[in-house]
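Reading the structure
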Amino acid sequence: EKDVLDQLPLRGKKILITAGPTYEAIDPVRFIGNHSSGKMGFEIAKAAANLGAEVYLITGPTHQKVSHSLINVAHVTSASEMYDAAHSHFNAADIAVLSAAVADYKPKNVSDKKIKKAASTFSIELEKTKDILKSLGAIKKHQFLVGFALETNNELDNAKGKLKVKNLNLIVLNSLNDKGAGFGGSTNKVTFITDTEQVIEHQLKSKTEVAQDLMQQIIKQQHA
Ligand code: CTP
Ligand code: CA
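Residues numbered from 1 in each chain as written. Chains lettered and ligands numbered in written order. Predicted model: local features only at pLDDT ≥ 70, side-chain atom pairs only at ≥ 80, totals over all residues.

1. Re the site of ligand 1
Taken together, 15 residues sit near ligand 1, with Val 102, Ile 132, Leu 133, Gly 147 and Phe 148 positioned nearest. Breaking the shell around ligand 1 down by element, the ones donating at least two residues are helix 3 (132–139) and strand 9 (144–151). Ranked by the residues each element gives to the shell around ligand 1, the list is headed by strand 9, at 4 residues. Here the residues of the shell around ligand 1 sort into 9 nonpolar, 3 polar and 3 charged. (Near = placed C-beta within 6 Å. Helix = DSSP H or I, 4+ residues; strand = E, 2+ residues; numbered from the N terminus. Nonpolar A, V, L, I, M, F, W, Y, C, P; charged D, E, K, R; others polar.)

Right, dumping it as structure tokens:
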């Protein structure tokens, strides 16, 4: 009699996932953020766990909830906290899927007191955050590394560029042009681009199905 667990293709594999937005503090009561719901990343975590993987889900602030014996959740707030959490789990990971909508810029100086209104205009100087995905691509060894690309124009070229520059095995292109795709909703229209420049277009699907397609694509490429 064969153990039923042996049929789970990702049993014994460790997968690191980032999800949700990051919040970059301006002062104790304000931040710069974005509308990422975290749904896609949480669906990927569930799809991976359902295939037997041990999941480390690092999430920015979201309303998503998950309860699964194979999913460990770490809550972070800023890009810098997400960077540290991702790096601390990367060595042990077999697969990493970075779906978080990380802020590209953060306030250069964070006020420790609430900023009072004064002049009629006000500006905040921003500096780049560290690119978590690119930094993992630069140090990866055995890991299978997956990124996302959110694009509104020149989509394929931009996504291929990110795949190369960040040293990825696979990139998931998320076209914001398509109705029903992207932030907030429960559906996504994605295209997978592999490190051999294979382009696999998918129909508009639920984020649950997109997550399942993604895990199947990862398994396929790992066995290729
Ligand atoms: N990413 C990351 N850390 C950052 C910025 C992005 O890990 N500081 C990751 C995202 O999680 C995603 C991928 O990089 O998997 C691409 O994110 P995207 O915003 O599409 O691209 P950027 O490289 O940030 O470029 P731009 O926003 O200018 O298109
Ligand atoms: Ca970005």
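So much for the structure itself; the text now carries on.
2. Focus: the UniProt feature "binding site: CTP" (unreviewed entry) in the protein chain
In this numbering, the UniProt entry assigns the feature "binding site: CTP" (unreviewed entry) to Asp 104, Lys 114, Phe 148, Lys 162 and Lys 166. These annotated residues cover 63 residues of sequence, and their C-alpha atoms reach 37.8 Å apart at the extreme, placing them across more than a single site. Checked against the element boundaries, Asp 104 lands in the loop between strand 6 (95–98) and strand 7 (105–107). Residues within four places of Asp 104 in sequence aside, it is in contact with Lys 128 and Thr 129. Here Phe 148 shows up in strand 9. Ignoring anything within four residues of it in the chain, the contact list for Phe 148 reads Leu 98, Ser 99, Val 172 and Asn 174. (UniProt positions renumbered as here; feature names shortened; annotations may be inferred. Contact = placed C-beta atoms within 7 Å.)

3. Looking at the environment of Thr 22
Summarising the element assignment, Thr 22 is placed in the loop between strand 1 (14–19) and strand 2 (24–27). Taking the C-alpha atoms as reference points, Thr 22 and Ser 111, separated by 89 residues in sequence, lie 18 Å from one another. What Thr 22 contacts, discounting residues up to four positions off in sequence, is Gly 60, Thr 77, Ser 78, Ala 79, Met 82, Ala 100, Val 102 and Ala 103.

4. Overview of helix 2 (residues 79–90)
For helix 2, built from 12 residues, the straight-helix expectation of 16 Å at 1.5 Å per residue is met to within 8% by its first-to-last C-alpha distance of 16 Å. For helix 2, the set of buried residues is Ala 79, Met 82, Tyr 83 and Ala 86. Down the axis of helix 2, the buried set is contained in an arc of 105 degrees. They therefore lie on one face. Tucked inside the fold, the buried residues of helix 2 contact strand 1, strand 2, strand 4 (54–59), strand 7 and helix 3. (Expected span 1.5 Å × (residues − 1). Buried ≥ 20, exposed ≤ 12 C-beta atoms within 10 Å, placed from the backbone. Arc of directions from axis to C-beta.)

5. A few points about the sheet that holds strand 4
On the basis of which strands lie adjacent, the open sheet formed by 8 strands has the order 5-4-1-6-9-10-12-13 and mixed pairing. Edge positions in the open sheet fall to strand 5 (71–75) and strand 13 (199–201), since each of these has one partner strand only. The sheet shows a mean angle of 15 degrees between the axes of neighbouring strands, direction not considered. The strands touched by helix 4 (residues 155–165) are strand 9, strand 10 (170–175) and strand 12 (190–194); relative to strand 9, the strand with the most contacts, the crossing angle is about 150 degrees. (Pairing = 2+ DSSP bridges. Axes fitted to C-alpha atoms, helices over the stretch in contact; angles between N-to-C directions.)

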